[in-house]
Each structure stands twice: as structure tokens, then as C-alpha cells.
Amino acid sequence: INKYATLKATTKDKAERYIVKIRLNGLGGKFGTKTYQIKKRCVGNCNKYGGLKFELEKPEKGEYYYRAISSRMTSRARCVLIRAISSNWGRFIYCDTDSLYLKGYEEPQNIDIHDSKLGAFKKEHTFDDGKFLHTKCYVIHDKETNELSHSIAGCSANAKTPIIAGLSLRIFCH
């Protein structure tokens, strides 16, 4: 872990940084992998609308992983996030598993902020207004630059444009 954390913190190559980030993030997921894998097999169409019918195959025993490591990593990250929220409760707007959104421009209290340090929060946005619809779906406005930032997870780039335009008009044109 230390090798990859150091590499992530020091590399200037965006592609290398991304690969290292994926390796570090994948560690917890790999330890938390189910030991039994259940697969679905397509057995044909089930209706006139083209729906497919699937049957579950017999579970296969996978490799052995140690879930306690994944559980420990997740619980530790949750503790860090909860403490950060509690320390900034009056400004708290939204959080995800690894991010925190606070209203205003003041520095947050009791939060380690650094662009590349493992376990620290990275400052990605400064905003004064926003609309948070649900997990990983939001539009925020930076009053200083008058720019909008947005995230709609699972939505293609072509589909995002009209959604964001519609949200922006309803949210920010008072």
C-alpha cells in the first residue's frame, strides 16, 4: 500500500495516477468479494416485447478472500466521514463514500485536506448554491467563477446535456 500511495502522491502522469488509484481502491473490493459466485444464464425470450428469461446456475466456489480486511477499511472510512460531517454540521450539504460537500468558502474544521495524501480529502469544488437530487446526481454553482459543475452517475454524455440545461434553468434562474 505504501508503495502505491507514494507513487500516487508523486507522479505527474495522469494515466499512471489513475492506474495506481484503481489498484488502491480495488484492494478493499477484492478482499470483500463473495466467495460464492452466482451466475445467470439466458434461456431465451419471455415475452413479445423482447424481454429475456434467465435461470440461475449452480453457485461456484470462488477464491478465498478475507472479508474482515474489507470491513475494517470500510468502517474506518465511515468513521472519518462521520467525524468530518459532525465537525462541519452547520455547512453540511451532501456526502458520498469518499467525498463531502459543504456550503460556503470557509475552510472546513477538523478535516485533513490534501490533493494526493492517502486518507485525506481533496478540495474539488467551491460552491455557494446547488441542487442534490440523489446519490451522485447534482448540479453546483460557483458564484466567484459563475460556472456550473455537475455529476449524473450512470448517464451518458449525450443524455446529460439536456438534463443539466433543464436543471440549471430551474435551479439558478431565480
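Report on the accompanying structure. Along each chain, numbering runs from 1 in the same order as the chain's sequence is written. At least 70 in pLDDT is required for a residue's local features to be given in this predicted model, at least 80 for side-chain atom pairs to be given and counted, and no such filter applies to totals for whole chains, interfaces and linings, which use all residues. Side-chain metrics rest on all non-hydrogen atoms present in the structure, leaving aside hydrogens and water.

1. As for the overall build of the chain
As a reminder, the rule being used: Only DSSP runs of H or I with at least four residues qualify as helices, and only runs of E with at least two residues qualify as strands; both kinds are numbered from the N terminus onward. Buried means the residue's accessible area, taken with a 1.4 Å probe over protein chains only, is under 20% of the maximum for its type, while exposed means over 50%, and partly exposed covers the values in between. For every accessible area listed, the method is Shrake-Rupley and the probe measures 1.4 Å; residues are considered covered only by the protein chains on display.
For the chain, the helix and strand inventory stands at 4 helices and 9 strands. Along the chain direction, N to C, the helices and strands of the chain fall in the order α-α-β-β-β-β-α-β-β-β-β-β-α. Here the chain holds 174 residues, and the buried ones make up 22% of them. Of the roughly 13,000 Å² that the chain leaves accessible, carbon and sulfur atoms contribute 54%.

2. Some points on the environment of E16
Stated precisely, the cut-off is as follows: Throughout, a contact is declared for two residues whenever any of their heavy atoms are within 4.5 Å.
By the secondary structure assignment, E16 is in helix α2 (residues 14-31). Residue class for E16 comes out partly exposed when judged on its relative accessible area of 32%. Contacts of E16, omitting those with residues within four sequence positions, involve L7 and T11.

3. Quick notes on the sheet that holds strand β7 (residues 129-134)
What counts, and what does not: Strands are treated as partners if at least two bridges between them are detected by DSSP. Here an angle of 0 to 180 degrees is reported between the N-to-C directions of two axes, which are lines fitted to C-alpha atoms, with helices fitted over the stretch in contact.
Taken in spatial order, the 3 strands line up as β7-β8-β9 in an open sheet, and their pairing is antiparallel. Among the strands making up the open sheet, the edge pair consists of β7 and β9 (147-152). Neighbouring strand axes in the sheet, compared pairwise and without regard to direction, differ in orientation by 5 degrees on average. Bridge count between strand β8 (residues 137-142) and β9: 6 bridges; the pairing is antiparallel. When the sheet's bridge partners are listed, I140 is paired in β9 with S149.

4. A look at the pairing of β7
Taken together, the 5 bridges between β7 and β8 define a ladder with antiparallel strand orientation. When the bridges of β8 are listed, H134 appears paired with C137. Where β7 hands over to β8, the hairpin turn is made up of 2 residues, of which K136 adopts a positive phi near 60 degrees.

5. Examining the packing of aromatic side chains
Between two aromatic rings, the relevant description is the distance of the centres plus the angle of the planes. Basically, it comes down to this: Pairing of aromatic side chains here covers Phe, Tyr and the six-membered ring of Trp, requires ring centres within 6.5 Å, and sorts the geometry by plane angle: under 30 degrees stacked, over 60 edge-to-face, intermediate tilted.
Within this structure, the stated rule accounts for 9 aromatic pairs. An angle of 55 degrees between the planes, with centres 6.1 Å apart, marks the rings of F127 and F132 as tilted. With a relative accessible area of 22%, F132 lands in the partly exposed category. The rings of Y94, Y101, F127, F132 and Y138 are connected pair by pair, giving a single aromatic cluster.

6. Regarding helix α3 (residues 67-87)
Condition: Helix span, expected: 1.5 Å multiplied by one less than the number of residues in the helix.
End to end, α3 covers 30 Å across 21 residues, agreeing with the expected 30 Å (1.5 Å per residue, within 8%). In this fold, the buried residues of α3 make contact with α2, β5 (92-96) and β6 (99-102).

7. Observations regarding the nonpolar core
Among soluble globular proteins, nonpolar side chains are generally buried collectively. Heads up, the condition is: Only buried residues count toward a nonpolar core. Its members are Ala, Val, Leu, Ile, Met, Phe, Trp, Tyr and Cys residues joined through side-chain atoms within 4.5 Å.
By size, the foremost hydrophobic cluster in this structure holds 7 residues: L81, A84, I85, L100, L102, I111 and F121. The set of elements that each furnish at least two residues to this core consists of α3 and β6. Setting aside chain neighbours within four positions, we find F121 in contact with V80, L81, A84, D98, S99, L100, I111, D112, I113 and H114. One finds Y94, Y101, Y138 and I140 within the second-largest nonpolar core, a separate group that totals 5 residues.

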